[in-house]
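Close look at the chain arrangement
The residues making up each chain are set out below.
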Amino acid sequence: MKRVHVVVRGEVQGVGYRYTLRMIARESGVTGWVRNRADGSVEAEVEGTDDQIDEVLAWMAEGPPGSRVADATVTDAAPSGGGTFEVRPTG
């Protein structure tokens, strides 16, 4: 299993990005979390197989209708195992 930390910038708040990502993540079988950040970006951690993570990252680079993703920064994170994919409060 692999885990990545992602920060997405652009027009990504107020467009359903987090809740759609939760749906995509659950359909893909990954675990982790997503939240808005005070600076207007969206932050997430995604854990799963390489293929699962690639699928979710591809969606994150596009986002839901109404969003405009300008940049996505992906870094490796330590796997934590198990759980679900949740929407967290703004951090």
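Presented here is a report on the structure given in the accompanying data block. Note that this is a predicted model, so its numbers are computed, not measured.

Rules behind the numbers
- Residues numbered from 1 in each chain as written.
- Predicted model: local features only at pLDDT ≥ 70, side-chain atom pairs only at ≥ 80, totals over all residues.
- Heavy atoms only, no water.
- Axes fitted to C-alpha atoms, helices over the stretch in contact; angles between N-to-C directions.
- Helix = DSSP H or I, 4+ residues; strand = E, 2+ residues; numbered from the N terminus.
- Parallel < 35°, antiparallel > 145°, perpendicular 65-115°, else oblique.
- Left-handed = near helix turned anticlockwise from the far one by under 90°.
- Contact = heavy atoms within 4.5 Å.
- Core = buried A, V, L, I, M, F, W, Y, C linked by side-chain atoms within 4.5 Å.
- Buried < 20%, exposed > 50% of the residue type's maximum accessible area, 1.4 Å probe, protein only.
- Salt bridge = Lys/Arg side-chain N within 4 Å of Asp/Glu carboxyl O.

Contact pair helix α1 (residues 17–28) / helix α2 (residues 50–62): the axes reach a minimum separation of 10 Å and the direction vectors enclose 155°. With respect to α2, the element α1 is oriented roughly antiparallel. Regarding α1 and α2, the two cross each other, and that crossing is right-handed. In this structure, α1 uses Y17, T20, L21, I24, A25 and S28 to contact α2, whose residues at the interface are Q52, E55, V56, W59 and M60.

Right, let's get into the nonpolar core. Nonpolar side chains tend to gather and get buried jointly when the protein is soluble and globular. Counting 18 residues, the largest nonpolar core has Y17, L21, V46, M60 and F85 as the members making the most contacts within it. Of all the elements in the fold, those that place two or more residues in this core are β1 (2–11), α1, β3 (42–48) and α2. Setting aside residues up to four positions removed in sequence, V46 forms contacts with K2, R3, V4, V30, T31, I53, V56, M60 and F85.

Moving on, we get to the pattern of salt bridges. One pass over the full model with this rule turns up nine salt bridges. Salt-bridge contacts for R3 lead to E47; the nearest nitrogen and oxygen are separated by 2.5 Å. Of this pair, R3 sits in strand β1 while E47 sits in strand β3, and the two are 44 residues apart along the sequence. A relative accessible area of 3% places E47 in the buried class. Measuring nitrogen to oxygen at the nearest pair gives 3.0 Å for the salt bridge that ties E86 to R88. The class of R88 is partly exposed, set by a relative accessible area of 32%. Through salt bridges that share partners, R35, R37, D39 and E43 make up one connected network.

Interpretation in functional terms is not warranted from these geometric data alone.
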